[in-house]
Amino acid sequence: MVDTLHPRFEAPYIAPPWEKQQFFFEGLSTPADIYIHPETMKKHRENLFQKLHPSMFDGIAINMNGGLFIMQKYLEYWKEEFEKRELPIFPIEYHRVNGGFAARIDKAVPYEAKGLTLLVGEDVYDSGGTGKAILKDAPMATIMVAVHKTGVPNQISIPRIFAAVKTGNLWLGGNGMNLGGNYPDQESRNYGGILVNPYV
């Protein structure tokens, strides 16, 4: 199992850019602010993927819908490895409730996967409620997220969680995260970089 305390697994903190750049969704007049450009975020994701080689795991779990984006990128990155060794893939659904400090479970980790060394795809580590619930059901799992938010009050400590980047405690979109407000749900989730909702 990977060592979560080893310094080489520390995600870089990405400070907001000094010059504000904006991204416009088609048909929407209110732009979002760009926090991390797609090409930069791709490099950070791939640095993370290199630390989480498929040989370390017995199966894959995807927390729908947030974890779908990063897991698709992970599967593409390690395509040749997965062609050599196919792993079972389990869709799960753990949703934030109570401000993110607890989870509503619509589709739990299945019984046959509970004892596996799973790699779980998730969008963000913020309050920590969903991560805590997932690891309760799959204690051998490692969670892979696009973003680890820092400065979240009373953030639940989660073992074996790895992020591509760390950011401040902002309302973010892209890499599986929903930007909220009037922004289109799926388009904001599928943005390859990280966006900030400037109205929250």
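Because the structure is a prediction, the values reported are computed rather than measured.

Enquirer: What exactly am I supposed to notice about the overall build of the chain here?
Expert: When helices and strands are tallied, the chain shows five helices and 10 strands. In terms of C-alpha radius of gyration, the chain reaches 16 Å, essentially the compact-globule figure of 16 Å for 200 residues. Judged by the C-alpha coordinates and their principal axes, the chain covers about 45 × 35 × 35 Å. Taking all 200 residues of the chain together, the buried fraction comes to 49%. Sequence separation of at least 24 residues holds for 61% of the intrachain contacts in the chain that already meet a minimum separation of 6.

Enquirer: Teacher, can you tell me more about the pattern of salt bridges here?
Expert: Oppositely charged side chains are able to pair whenever their charged atoms sit close together. Scanning the entire structure with this criterion turns up five salt bridges. With its nearest N and O atoms 3.1 Å apart, the salt bridge here joins Arg189 to Asp185. Pair noted here: Arg189 and Asp185 are both in helix H5 (residues 185-189), with a separation of four residues, about one helical turn. Taking relative accessible area as the criterion, Asp185 reaches 32% and is therefore assigned partly exposed.

Enquirer: Can you walk me through the layout of surface pockets in this structure?
Expert: Regions of empty space are outlined by a rolling probe, equal in size to a water molecule, passed over the atoms. Put simply, the largest pocket is a space of about 610 Å³. Along the wall of the largest pocket there are 26 residues; nearest its centre are Arg96, Asp123, Val124, Asp126 and Trp171. Among the elements of the structure, strand S4 (89-97) and strand S6 (118-125) are those that each provide at least two residues to the lining of the largest pocket. Here the lining of the largest pocket is built from residues that sort into 10 nonpolar, 10 polar and six charged.

Enquirer: I keep staring at empty space enclosed by the protein and nothing clicks. Help me out?
Expert: What the rule picks out here adds up to one cavity of 30 Å³ or more. Considered as a void within the structure, the largest cavity measures approximately 70 Å³ in volume. Forming the walls of the largest cavity are Glu122, Val124, Tyr125, Asp126, Gly128, Gly129, Thr130, Gly131, Ile134, Ile143 and Ile161. For the lining of the largest cavity, the secondary structure elements donating two or more residues are S6 and helix H4 (129-137). Among the elements that line the lining of the largest cavity, the one with the most residues is H4, at four residues. Each residue belonging to the lining of the largest cavity can be placed in one class, and the counts come to five nonpolar, four polar and two charged.

Enquirer: Sorry, what's going on with the side chain of Arg160 here?
Expert: With respect to the helices and strands, the residue Arg160 is situated in the loop between strand S7 (142-149) and strand S8 (161-167). Residue classification places Arg160 among the buried positions, given a relative accessible area of 18%. A polar contact is formed between the side chain of Arg160 and the backbone oxygen of Pro139, at a distance of 2.3 Å. Engagement of the side chain of Arg160 in a polar contact is seen with the backbone oxygen of Ala141, the distance being 2.7 Å.

Enquirer: I keep staring at the nonpolar core and nothing clicks. Help me out?
Expert: One recurring pattern in soluble globular proteins is that nonpolar side chains are buried together. If you look at the biggest cluster of nonpolar residues, it comprises 28 residues, and the most contacted ones within it are Leu52, Ile60, Tyr74, Leu119, Met144, Val147 and Ile194. Residue assignment for this core shows that the elements contributing at least two residues are strand S2 (32-36), helix H1 (38-51), strand S3 (59-63), helix H2 (68-77), S6, S7, S8 and strand S10 (194-196). Leaving out residues up to four positions away in the same chain, Leu119 has contacts with Leu52, Phe57, Gly59, Ile60, Ala61, Met71, Tyr74, Thr142 and Met144. The next biggest cluster of nonpolar side chains, apart from the first, holds 21 residues, and it includes Ala11, Ala113, Ile156 and Ala163.

Enquirer: For this particular structure, what's the right way to read the sheet that holds S4?
Expert: Consider a sheet: its strands pair through backbone hydrogen bonds, and that pairing is either parallel or antiparallel. The strand order across the open sheet formed by six strands is S5-S4-S3-S6-S7-S8, and the pairing between neighbours is mixed. Since the sheet does not close on itself, it has two edges, and those belong to strand S5 (102-107) and S8, each with one partner. Neighbour to neighbour, the strand axes of the sheet diverge by 25° on average, direction disregarded. Of the pairings in the sheet, the one linking S7 to S8 comprises six bridges and is parallel in character. Note that in S8 the partner of His148 across the bridge is Lys166. Sheet contacts for H1: S7 and S8; angle to S8, the most-contacted strand, approximately 155°. Where H4 meets the sheet, it contacts S3, S4, S5, S6 and S7, and its direction lies at approximately 135° from that of S4.

Rules of the game
- Residues numbered from 1 in each chain as written.
- Predicted model: local features only at pLDDT ≥ 70, side-chain atom pairs only at ≥ 80, totals over all residues.
- Heavy atoms only, no water.
- Helix = DSSP H or I, 4+ residues; strand = E, 2+ residues; numbered from the N terminus.
- Rg over C-alpha atoms; globule rule 2.2 N^0.38 Å.
- Buried < 20%, exposed > 50% of the residue type's maximum accessible area, 1.4 Å probe, protein only.
- Contact = heavy atoms within 4.5 Å.
- Salt bridge = Lys/Arg side-chain N within 4 Å of Asp/Glu carboxyl O.
- 1 Å grid on protein atoms, 1.4 Å probe; cavity = no way out; pocket = protein on both sides within 12 Å on 5 of 7 lines; lining within 4 Å.
- Points joined across faces, edges and corners; volume = space filled by probe spheres on them.
- Nonpolar A, V, L, I, M, F, W, Y, C, P; charged D, E, K, R; others polar.
- Polar contact = N/O pair within 3.5 Å; in protein donor to acceptor, adjacent residues only side chain to side chain.
- Core = buried A, V, L, I, M, F, W, Y, C linked by side-chain atoms within 4.5 Å.
- Pairing = 2+ DSSP bridges.
- Axes fitted to C-alpha atoms, helices over the stretch in contact; angles between N-to-C directions.

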